[in-house]
Amino acid sequence: MMRLTADDRKWLSDAAGGSVCYGEPMARHTSFRVGGPAEALVTPATISDLSLLISGLKDRKLPYRILGGGTNLIVRDSGIPGVVIRLQQCCRGITVESSNNAQTALTAMSGENLQKLCVFAMRRGFQGLNFALGIPGTVGGAIRMNAGTALGWMSDVLESLIVLDPSGRMKTIPKADLRVAYRSMVFPDTCNAPENVIISGRFVLKSGDVGAIKSEARKILQQRRRRQPTILPSAGCIFKNPSTGKTAGELIDLAGLKGYKVGGAEISLKHANFIVNTGKATASDILTIMAQMRRIVYEKFQISLEPEVIIEGE
Ligand SMILES: Cc1cc2nc3c(=O)[nH]c(=O)nc-3n(C[C@H](O)[C@H](O)[C@H](O)COP(=O)(O)OP(=O)(O)OC[C@H]3O[C@@H](n4cnc5c(N)ncnc54)[C@H](O)[C@@H]3O)c2cc1C
């Protein structure tokens, strides 16, 4: 369903202060390599362009979504109506704010690659981000999803974040004001709109030994390569782990679903909680296979699996 009028498009092209692509296939911007077109994909050049864009969209009552690296997203084949905003140009940079013998505080902008942040910290002997090695996507996406593994979550090292609210105002939110949970970081009620844009995160990391951090990093990456499919497109783990008992992957495996296919989507033989795109999958194939996984796991174990991936589009 189209949301932008000819007048909106003219305004957008003038206001964006960066690039605007109309009808841009989201398959080009998601790690699953599926998804129909965004009505408009905008890449603002600066934070002030972003701020003007967000407040203008609010005034015009136009819907918008923030895109990070697209590594935790399934965009439906019909695409996303309204505006999708990428921050990879306007929100860049990693800055050391303060450092002493015990710890370092640094700020990472949300459009930065999460792996760049991990390597930045590792090379300087700042300890605490190795858990995030191998998690693709941006710093902003990782904060929003509270990305992590059994070794740690983003919320373990985050001190505060800066968000831009839909009126174009910046706010600093300390971690104590965030509702932090497994794969979620919820903003306080006063700025709980999903349209809030994370601009940056401030992290506090302990001082450590560069050699020891690097050697731990090698082991973490080796383990990831051994356990997860890394060649075919995916969005990582599809379902959250239930709060107790077996993991989602163990349940799907016990249900005998490894290798099960719908169209071009397949439940990975290596890790049952990964769906991989074997080449020509559509979002509809992936959503169909997800529904079947949920149904079969529920029938066998009476456990309702909750998606970890975000599903966008109508
Ligand atoms: C091979 C593979 C392995 C993975 N392994 C892991 C893992 O071990 N642990 C884990 O937790 N995840 C894992 N993931 C999932 C994914 O990489 C993480 O959730 C990642 O942090 C998402 O970041 P992103 O920038 O790609 O966000 P996106 O997928 O682009 O967006 C995710 C959500 O965050 C919102 N968002 C993004 N940026 C902002 C912002 N600046 N402000 C406000 N909202 C924003 C989006 O609107 C969307 O709702 C894996 C994915 C893949 C493909």
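The rules behind these values
- What you see as residue numbers is a count from 1 along each chain, following the sequence as written.
- Two thresholds apply to this predicted model, a pLDDT of at least 70 for residue-level local features and 80 or more for giving and counting side-chain atom pairs, whereas whole-chain, interface and lining totals are computed over all residues.
- As a rule here, side-chain values cover all heavy atoms of the structure and leave hydrogens and water aside.
- Residue types Ala, Val, Leu, Ile, Met, Phe, Trp, Tyr and Cys, when buried and joined through side-chain atoms within 4.5 Å, form a set referred to as a nonpolar core.
- Remark: exposure states derive from per-residue accessible area (1.4 Å probe, protein chains only) relative to the maximum for the residue type, with buried under 20%, exposed over 50%, and partly exposed in between.
- Put simply, DSSP H or I for four residues or longer makes a helix, DSSP E for two residues or longer makes a strand, and each gets a number counted from the N terminus.
- Two residues qualify as a contact provided that any one of their heavy atoms is within 4.5 Å of a heavy atom in the partner residue.
- Read the arc as the range of directions from the helix axis to the C-beta atoms.
- Here a residue is near a molecule or strand as soon as one of its heavy atoms is found within 4 Å of it.
- Polar contact is the term for a pair of N or O atoms within 3.5 Å; when the atoms are in protein, one must be able to donate a hydrogen and the other to accept it, and sequence-neighboring residues count only if both atoms are side-chain atoms.
- The accessible surface values rely on the Shrake-Rupley method and a 1.4 Å probe; as for residues, cover is taken only from the protein chains in view.
- Domain delimitation in this document rests on an assignment produced automatically or drawn from a domain database.
- As used here, buried area is the combined drop in accessible area, with a 1.4 Å probe, of two parts when they are placed together.
- The rule for a salt bridge is simple: a side-chain nitrogen of Lys or Arg has to be within 4 Å of a carboxyl oxygen of Asp or Glu.
- For this scheme, ten residues count as nonpolar: Ala, Val, Leu, Ile, Met, Phe, Trp, Tyr, Cys and Pro. Four count as charged, namely Asp, Glu, Lys and Arg, and the remainder, Gly too, count as polar.
- When DSSP finds two or more bridges between two strands, those strands count as paired.
- Pairing of aromatic rings covers Phe, Tyr and Trp, the last counted by its six-membered ring, and requires centre-to-centre distances within 6.5 Å; plane angles under 30 degrees mean stacked, over 60 mean edge-to-face, and any other angle means tilted.
- Throughout this description, the term charge over a ring refers to an Arg CZ or Lys NZ atom that lies within 6 Å of the ring centre and within 35 degrees of the ring normal.

Quick word on the nonpolar core
Membership of the largest hydrophobic core comes to 34 residues, with the highest contact counts inside it found for Leu106, Leu117, Leu129, Ile143, Leu161 and Phe203. The element that contributes the greatest number of residues to this core is helix α3 (residues 114-123), accounting for six residues. In this view, phenylalanine 203 contacts Thr104, Ala105, Leu106, Ala108, Leu117, Val139, Ile143, Met154, Val157, Leu158 and Glu159; residues no more than four positions away in its chain are not counted. Judged by nonpolar contacts, the second largest core, of 26 residues, contains Ala235, Leu251, Ile267 and Met293.

Remarks on helix α1 (residues 6-15)
Buried residues of α1: Asp8, Trp11 and Leu12, and no others. Buried residues of α1 fall within an arc of 100 degrees about the axis and therefore sit on the same side. α1 presents Ala6, Lys10 and Asp14 as exposed residues on the side facing more than 90 degrees away from its buried surface. A positive backbone phi angle near 60 degrees is found at glycine 17, which sits one or two residues after α1.

Concerning the site of the ligand
The immediate surroundings of the ligand are formed by 33 residues, with Ile66, Gly69, Thr71, Thr138 and Gly148 found nearest. In the model, an oxygen atom of the ligand is placed 2.8 Å from a nitrogen or oxygen of the glycine 68 main chain. In the environment of the ligand, a nitrogen atom lies 2.7 Å from a nitrogen or oxygen atom belonging to the backbone of glycine 148. Protein contacts shield 92% of the accessible area of the ligand, which totals 970 Å² for the unbound molecule. It is helix α4 (residues 139-145) that provides the largest number of residues to the shell around the ligand, a total of five residues.

Quick look at the domain arrangement of the chain
Segmenting the chain into domains produces domain 1 (6-86), domain 2 (94-227) and domain 3 (248-312). Taken together, the contact between domain 1 and domain 3 spans eleven residues of the former and 15 residues of the latter. For the pairing of domain 1 and domain 3, the buried interface totals around 1200 Å² over both sides, and the portion due to carbon and sulfur atoms is 61%. Of all residues in domain 1, Phe32, Asn72 and Ile74 give up the largest surface area on contact with domain 3, accounting jointly for 50% of the area buried on that side. Where domain 1 touches domain 3, the interface holds one salt bridge. Here glutamate 312 ties to arginine 65 by a salt bridge, and the two come within 3.1 Å at their closest N and O atoms. Scanning the region where domain 1 abuts domain 3 turns up nine residue pairs in polar contact (both at pLDDT 80 or more). Ranked by residues supplied to the side of domain 1 that touches domain 3, first place goes to strand β4 (residues 73-75) with three residues. Taken together, the residues of the side of domain 1 that touches domain 3 break down into six nonpolar, one polar and four charged.

What to know about the pairing of strand β15 (residues 197-207)
Taken together, the seven bridges between strand β7 (residues 103-109) and β15 define a ladder with antiparallel strand orientation. Considered in β15, the bridge of alanine 108 is made with glycine 201. Here strand β8 (residues 126-127) runs beside β15; their pairing, made up of two bridges, is antiparallel. From the neighbouring strand, phenylalanine 126 faces β15, where its bridge partner is serine 207.

As for the packing of aromatic side chains
Per the counting criterion, the structure on display carries one aromatic pair. Geometrically, the ring pair formed by tryptophan 153 and tyrosine 182 is tilted, given 6.1 Å between the ring centres and 40 degrees between the ring planes. Of this pair, tryptophan 153 sits in strand β10 (residues 152-153) while tyrosine 182 sits in the loop between β13 (179-181) and β14 (184-186), and the two are 29 residues apart along the sequence. The exposure class of tryptophan 153 is partly exposed, given its relative accessible area of 26%. Taking the relative accessible area as the measure of exposure, tyrosine 182 reaches 25% and is therefore partly exposed. Here the basic side chain of arginine 124 rests over the ring of phenylalanine 120, its NZ or CZ set 3.6 Å away from the ring centre.

Quick notes on unusual backbone geometry
We note that lysine 61 has phi near 55 degrees; this positive angle belongs to a residue other than glycine. Looking at the secondary structure, you find lysine 61 in the loop between α2 (47-59) and β3 (64-67). Located in the positive-phi region is asparagine 146, a residue other than glycine, with phi close to 45 degrees. Mapping asparagine 146 onto the fold places it in the loop between α4 and β9 (148-149).

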